[in-house]
Amino acid sequence: MSGGGSSPLHRKVMIGLAAGALLGAAANRLGAGIDGGKEKVAFVADAIAYPIGQVFLRLLFLVVVPLVFASLAVGVANLGDLKRIGRMGGRTIVFVLVTCSCSALIGIGLMRTFTPGDGFDPETKAHLMRDFAGDMAKIQAKSEAQHAGTTLELVNNVLNMLLPRNVIGAIVNMEMLPLIVLALLFGIALTMLDEGRRAAMVAWLETIGDAMVKIVGIAMKLAPYAVACLIFAVVSKFGLDLLQKLAFYVAIVFCGYLIQLGVLYPALLKFLCRRSPIEFYRGAIPAIVTAFSTSSSSATLPTTLRVAQQDLGMRKSVADFVLPLGATMNMNGTALFEGALVLFIAQVFGVELAFQQQVLVVVLCVFAAIGAAGVPGGSLPLIMIVMAQVGVPPDGIAIVLGVDRLLDMGRTVVNVLGDLIGAAWVDHAEGPLAREAP
Ligand code: ASP
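Given the structure is predicted, the values throughout are model-derived calculations rather than measurements. (Residues numbered from 1 in each chain as written. Predicted model: local features only at pLDDT ≥ 70, side-chain atom pairs only at ≥ 80, totals over all residues. Heavy atoms only, no water.)

Colleague: Lay out the layout of surface pockets with the relevant residues and their values.
Modeller: By volume, the second largest pocket amounts to about 680 Å³. For the second largest pocket, the lining is made up of 28 residues, of which V213, K214, P302, R306 and Q310 are closest to its centre. Within the residue set of the lining of the second largest pocket, elements represented by two or more residues are α1 (8–33), α2 (37–79), α9 (195–236), α14 (297–311) and α15 (316–329). With 12 residues, α9 is the single largest residue contributor to the lining of the second largest pocket. Looking at the lining of the second largest pocket, its residues break down into 13 nonpolar, seven polar and eight charged. (1 Å grid on protein atoms, 1.4 Å probe; cavity = no way out; pocket = protein on both sides within 12 Å on 5 of 7 lines; lining within 4 Å. Points joined across faces, edges and corners; volume = space filled by probe spheres on them. Helix = DSSP H or I, 4+ residues; strand = E, 2+ residues; numbered from the N terminus. Nonpolar A, V, L, I, M, F, W, Y, C, P; charged D, E, K, R; others polar.)

Colleague: Quick one: what's the story with the packing of aromatic side chains, residue by residue and with numbers?
Modeller: The full count for this structure, using the stated rule, is five aromatic pairs. Taking 4.4 Å as the distance between ring centres and 25 degrees as the angle between the ring planes, the aromatic pair formed by Y249 and F344 counts as stacked. Highlighted residues: Y249 in helix α11 (residues 247–272) and F344 in helix α16 (residues 332–348), separated in sequence by 95 residues. Cluster of aromatic residues (ring-pair linked, three or more members): F120, Y249 and F344. Across the ring face of F349, the terminal group of K125 is positioned such that the distance to the ring centre comes to 4.2 Å. When the ring centre of F337 is taken as reference, the NZ or CZ atom of R411 above it lies at 3.9 Å. (Phe/Tyr/Trp six-rings, centres within 6.5 Å; stacked < 30°, edge-to-face > 60°. Lys NZ or Arg CZ within 6 Å of the ring centre and 35° of its normal.)

Colleague: Any chance you could break down α15 for me, citing the residues and the numbers?
Modeller: Between its terminal C-alpha atoms α15 stretches 20 Å, which fits the 20 Å expected from 14 residues at 1.5 Å a residue. In terms of burial, α15 is a largely internal element, 13 of the 14 residues being buried. (Expected span 1.5 Å × (residues − 1). Buried < 20%, exposed > 50% of the residue type's maximum accessible area, 1.4 Å probe, protein only.)

Colleague: Go over the site of the ligand, please, and point to the residues and values.
Modeller: As a matter of local geometry, the ligand sits amid 15 residues, with S297, T334, D408, R411 and N415 nearest to it. Take G378: an N or O atom from its main chain is 2.9 Å from an oxygen atom of the ligand. In this structure, N415 approaches the ligand through a side-chain N or O atom, which is 2.8 Å from an oxygen atom. In the complex, 100% of the free accessible area of the ligand, which totals 270 Å², lies under the protein chains. Because more than half of its atoms lie within 2 Å of the grid, the ligand is assigned to the largest cavity. Among the elements that take part in the shell around the ligand, helix α20 (residues 404–429) stands out by supplying four residues, more than any other. (Near = heavy atom within 4 Å. Polar contact = N/O pair within 3.5 Å; in protein donor to acceptor, adjacent residues only side chain to side chain. Areas by Shrake-Rupley, 256 points an atom, 1.4 Å probe, with all protein chains shown as cover. Sits in = over half its atoms within 2 Å of the grid points.)

Colleague: With reference to specific residues and values, describe the environment of V390.
Modeller: Tracing the sequence through the fold places V390 in the loop between α18 (380–389) and α19 (398–401). For the pair V390 and S276, spaced 114 residues apart in sequence, the C-alpha separation works out to 41 Å.

Right, here's the structure in full:
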């Protein structure tokens, strides 16, 4: 998706998105109408659409680790002075904490107001819990690996999240926080070397980053077809009856995304970043489309980085610094979704959450959003921990798993836009001085 918000490639991707959704919906209806139709549709989705979509996604994932490392280390090394790094890092963290808290509050507030889980049909609940028990068990296994019973376990988990003993092992598992810590330290260390050696290493890292962007360019040639396939695979297998049963819950969560996109973000853009929300959204379209079709902040990062500089005119050093941090830590849509989900499942199971527990949910959702991996369904293992902490049955998550991909597409858009807005704010706050060539 080279170029601006209206480039031919990005238009083709949007056409792919629409074609995938339409064909998927048609296949879904057709499959439901004929004998053995569902299996045939599932075969087309699994054997044709899924692999094509995955090649695209995995090409994007392939570049994420080197790209995050190179851009963040270069960003830090080019910022030069530690004061500026600290200032920008501090602003990024404040942005993450404040906006994620607002998002979790929006999710919880909506669920409290509309209570879609109250009076949820017990038979449907039992059905869904049974049908999605297998998927739930897989998520639970991941969740248990992160669970902390004692204080020592909690301390060790936090240490492992940031500074694992084996950083390569963590990176191989796509755990991004240790990679971020390593890149930050590496960039800071470069600023302490003499100028000649710093510049030589920065040039190397820039070459690595540029080469990764070329790989993204190759992947993007596949994008229109792959996006069609990804969406087809989701829509064609989607249980429309399931969507109907959970329609109220899905509608409320999407309402939350819309409040975030239509009220909170425009307000931040206008008053904090001094930018026109419409122009900003227009420039961000390639990142929005990529986030929606991949459901992954990490896979969208190369596009987000490009859009920030080319279409939204941010400084390279700011984008390189804030966006990799944002893609890993700043998940506003995820915080909103998590708050809403905990309340929804509590309502379905008739668990009353006292005021203090709801405050605890907000705090836990912010940290769960920061810790969630930027991959499809990345927030689900952590949300189970949050639910357990406040006495909501974690296996209740099975009830919503069937519609989660749809919600994930939406929350990833909110996450990625939040990253861009955070970067725009840091860019604005750095002032007009020190403008640099993009
Ligand atoms: N898919 C989301 C993202 O990558 C994470 C999540 O909420 O599951 O931003």
